[in-house]
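Summary of the model geometry
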Amino acid sequence: MVRNVLGSLIALIGATAAVWSPFRPWYDGRHGSDIRIEDLFNGLTDNGATLFGSLVLPMVFAGLLTLIGVALRSRWLITLAGLVVLGFTILWMVRQGQSAGELTAGTHGLGVGVANALGGGALLILGALVMRGRARRVPADEDYDEAEAEPYHPPPDTWDPGHQPTQEWHPEPYRPTPATPPVEWGRDQRPPGPEHGQDDRPTRPTRPDWPAPPDGPEAPGTPGDHGGPTGPHRP
C-alpha cells in the first residue's frame, strides 16, 4: 500500500512536468507548443503549429495515461506514459540536431522545456518501478477446481458431540448362577489324583454280585481271585 502511494505520487509529479514542458522554451527560445508533430517525421521547419497539433498532444496523452494508471494501479500504463514522453523528446532532439548541425545548451541552445520533458519521463518510469501494482485475484472457478482436485479430509481426532448417535442402555435382570451338585464317585470309578486334593491309593474293581470289601486287611472267607470262598490268607 505504501509503495503504491509513493509510486503514484512520483508518477503524478513526472506527468505534471511533462505536460508543462511544451509551454517552456525548447531550443533557442522556441517553445514546444510551436513545434509541429509532422516536423518530427519530415524534418523541422520554422512553421508554427496549433495547440493540439504540436508537442502538447503527446504530452497531454501521456498525462491521461498516468491518471488512468494511478487509478487502476497499473504499472504498465504508467510505464507506457513515460516511454511516450521520452520517445517524442528524443525524436525531437534528433531532428533538431540534424537541422542545426549541433546541439548546444544555454540561451541559444536547449532550454528548460527539454529538461522538464526528460525529467518527467524519467519520473514516470521510476514511479512505475516503485509501485507494487494490483494484487492478483484467483477466479472463483479456479477455487472450485482446486477444491475438487484436493478434497478436504478432517483430522482423525475431530470429535463433534452434536452428531453422535444416541445410545440407550437397558440393564439385564440379575440371575443367580445355579450351584453345581457334588460329584458322587462309584466303587468302580477312579477319583481324581492328588493334584486335586484326593487320595491316590489304588482301588480294587468290584463286581455287582460281590459284596463290598471291608475296610482294613482282607478278612477270612473273602472270595479270592479265582472265585469261591477261600481260607485264611497264606503267605
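Report follows, based on the coordinates. Note that this is a predicted model, so its numbers are computed, not measured.

Right, let's talk about the overall build of the chain for a bit. Within the chain, the secondary structure is distributed over 6 helices and 2 strands. Reading the secondary structure of the chain in the N-to-C direction produces α-β-β-α-α-α-α-α. Of all 235 residues assigned to the chain, the portion counted as buried reaches 24%. Summarising the internal contacts of the chain: among those between residues at least 6 apart in sequence, 63% fall at separations of at least 24. Per element, the accessible surface of the chain, about 17,800 Å² overall, is 60% carbon and sulfur.

Turning our attention to the pattern of salt bridges. One pass over the structure, following the stated rule, counts 2 salt bridges. Ionic pairing is found between R30 and D34, a salt bridge with its closest N-O pair at 3.3 Å. According to the relative accessible area criterion, R30 is partly exposed, its value standing at 22%. Of the charged contacts, one joins R36 and D39 as a salt bridge, the two residues approaching to 3.1 Å between their closest N and O atoms.

What follows deals with a nonpolar patch on the surface. Judged by side-chain polarity, W20, F23, L51, F52 and L57 come together as a nonpolar surface patch covering roughly 520 Å² of accessible area. Its location among the elements puts W20 in helix α1 (residues 2-20).

Our next topic: the packing of aromatic side chains. For the coordinates displayed, the defined rule picks out 3 aromatic pairs. A ring pair is formed by W20 and F23, whose centres lie 5.9 Å apart and whose planes are at 35°; its orientation type is tilted. Residue classification places F23 among the partly exposed positions, given a relative accessible area of 35%. Ring centres of W26 and W92 lie 5.1 Å apart, and the angle between their planes is 90°; this geometry places the pair in the edge-to-face category. With a gap of 66 residues between them, W26 in strand β1 (residues 25-27) and W92 in helix α4 (residues 75-100) connect regions that are remote in the sequence.

Attention shifts here to the packing of helix α3 (residues 56-72) against α4. The relative placement of two packed helices is expressed as an angle between their axes plus a distance between the axes. Put simply, α3 and α4 touch, their axes get as near as 7 Å, and they point 165° apart. The angle between α3 and α4 falls in the class roughly antiparallel. The hand of the α3/α4 crossing is left-handed. On α4, the residues touching P58, M59, F61, A62, L65, T66, I68, G69, V70 and L72 of α3 are L77, I78, L80, A81, V84, V85, F88 and T89. Within the contact of α3 with α4, the residues separate by chemical class into 15 nonpolar, 3 polar and no charged.

Turning next to the side chain of S74. Its location among the elements puts S74 in the loop between α3 and α4. A relative accessible area of 18% places S74 in the buried class. Discounting residues that sit within four places of it in the chain, S74 has contacts with G69 and M131.

Here helix α5 (residues 112-130) is 19 residues long and its end C-alpha atoms lie 26 Å apart, about the 27 Å a rise of 1.5 Å per residue gives. Residues G113, V114, A117, G120, G121, L124, G127, A128 and V130 constitute the buried set of α5. The inward-facing, buried residues of α5 contact α1, β1, α3 and α4.

Attention now moves to unusual backbone geometry. Of note, the phi angle at D28 is positive, near 55°, even though the residue is not glycine. We classify D28 as partly exposed; its relative accessible area is 44%. Here the phi dihedral of R73 falls at roughly 55°; this positive angle occurs in a residue that is not glycine. Take R73: it is sitting in the loop between α3 and α4.

W26, V85, W92 and L124 are the most contacted members of the largest nonpolar core, which totals 22 residues. At the level of secondary structure, the elements contributing two or more residues to this core comprise α1, β1, α3, α4 and α5. Broken down by element, the residue count for this core peaks at 5 residues, all from α4.

Definitions and cut-offs
Residues numbered from 1 in each chain as written. Predicted model: local features only at pLDDT ≥ 70, side-chain atom pairs only at ≥ 80, totals over all residues. Heavy atoms only, no water. Helix = DSSP H or I, 4+ residues; strand = E, 2+ residues; numbered from the N terminus. Buried < 20%, exposed > 50% of the residue type's maximum accessible area, 1.4 Å probe, protein only. Contact = heavy atoms within 4.5 Å. Areas by Shrake-Rupley, 256 points an atom, 1.4 Å probe, with all protein chains shown as cover. Salt bridge = Lys/Arg side-chain N within 4 Å of Asp/Glu carboxyl O. Patch = residues over 30% accessible without salt bridge, like charges linked within 9 Å, V, L, I, M, F, W, Y side chains within 5 Å. Phe/Tyr/Trp six-rings, centres within 6.5 Å; stacked < 30°, edge-to-face > 60°. Axes fitted to C-alpha atoms, helices over the stretch in contact; angles between N-to-C directions. Parallel < 35°, antiparallel > 145°, perpendicular 65-115°, else oblique. Left-handed = near helix turned anticlockwise from the far one by under 90°. Nonpolar A, V, L, I, M, F, W, Y, C, P; charged D, E, K, R; others polar. Expected span 1.5 Å × (residues − 1). Core = buried A, V, L, I, M, F, W, Y, C linked by side-chain atoms within 4.5 Å.

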